[in-house]
Amino acid sequence: MADSLSVSGTSNPYATQSYTAEANDRNTITMTGFFQLLATQLQNQDMTNPMDNSEIMNQMTQMAMVQSMTSMTDALKNVTSVNTQTYAAGLVGQEVTMAVTEENIYGKEQPVDVKYAKVEWVNFTSGNPTIKLEDDPKEYQLSHLVGMGRVPNPFKTESTEGEGGEDDTDPVEGTNKPENTDPEKDPGADTDLEGEPGNENASARTALI
């Protein structure tokens, strides 16, 4: 049996697929089942070549260690769940910075902006705590929490911040002003240029006299 089983579809071949085996009596063993198997093994062993006592003790020790690790894992999960719920409950009434996400072309959510608001309530019925903000009908996952208070937007790119900066700055008058070199617009330039040859001819006549 499987909890979730899916194959890659033609609509989105890059989507991450997963397979999770469900724990049942066929793929797990308890201490009771282990002792039943051990008793059956002892009953059907070869009398001319019986099992070694040290081998039986090693199997029992390994099974006890596995059982202890399983119990410890379950206890850590419970502690983590309680700590998460306690932390989420403490957010009620606090102003937080929440990430606003959008789906990319692969169907995965990625943060694009942030939202500043106070936490109205926290929901624990879905397993993972979800946060409800004031004046917002959407429920956010705890993993979308960026920080407490008004945290600067970490998802804003530099190009977005620079947009409009040049438009707000007024150009300084007279800066890089091109010079007027058009003869039609500057009659004085033509007068000077035309006067230069006349001055040379006058000097030549004076020298001849």
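Residues numbered from 1 in each chain as written. Predicted model: local features only at pLDDT ≥ 70, side-chain atom pairs only at ≥ 80, totals over all residues. Heavy atoms only, no water.

Student: I keep staring at the nonpolar core and nothing clicks. Help me out?
Tutor: Residues Ala-88, Leu-91, Val-96, Met-98, Ala-117, Val-119, Val-122, Ile-131, Leu-133, Tyr-140, Leu-142 and Leu-145 constitute the largest nonpolar core, which totals 12 residues. Counting residues per element, the ones that place at least two in this core are strand E3 (95-103), strand E4 (109-123) and strand E5 (130-133). Contacts of Val-96, omitting those with residues within four sequence positions, involve Lys-115, Tyr-116, Ala-117, Val-119, Leu-133, Leu-145, Gly-147, Met-148 and Gly-149. In this structure, Phe-34, Leu-38, Met-51 and Ile-56 belong to the second largest nonpolar core, which totals 5 residues. (Core = buried A, V, L, I, M, F, W, Y, C linked by side-chain atoms within 4.5 Å. Buried < 20%, exposed > 50% of the residue type's maximum accessible area, 1.4 Å probe, protein only. Helix = DSSP H or I, 4+ residues; strand = E, 2+ residues; numbered from the N terminus. Contact = heavy atoms within 4.5 Å.)

Student: Hey, could you run me through the sheet that holds strand E7 (residues 145-148) in this one?
Tutor: Adjacent strands of a sheet pair through backbone hydrogen bonds, lying either parallel or antiparallel. If you walk across this open sheet you meet the 5 strands as E6-E5-E4-E3-E7, and the pairing is antiparallel. In this open sheet, the two strands that pair with only one neighbour each are strand E6 (139-141) and E7. Shown here is a sheet whose adjacent strand axes are inclined to one another by a mean of 45°, direction ignored. (Pairing = 2+ DSSP bridges. Axes fitted to C-alpha atoms, helices over the stretch in contact; angles between N-to-C directions.)

Student: What am I meant to see in the packing of helix H1 (residues 31-43) against helix H2 (residues 53-89) here?
Tutor: Contact geometry of H1 with H2 gives a least axis separation of 11 Å together with a crossing angle of 165°. Looking at the two axes, H1 sits roughly antiparallel to H2. Read as a crossing pair, H1 and H2 show a hand that is right-handed. Across the interface between the two elements, Met-31, Phe-34, Phe-35, Leu-38, Gln-41 and Leu-42 from H1 touch Ile-56, Gln-59, Met-60, Met-63, Ala-64 and Gln-67 from H2. Looking at the contact of H1 with H2 residue by residue, the class counts come to 9 nonpolar, 3 polar and no charged. (Parallel < 35°, antiparallel > 145°, perpendicular 65-115°, else oblique. Left-handed = near helix turned anticlockwise from the far one by under 90°. Nonpolar A, V, L, I, M, F, W, Y, C, P; charged D, E, K, R; others polar.)

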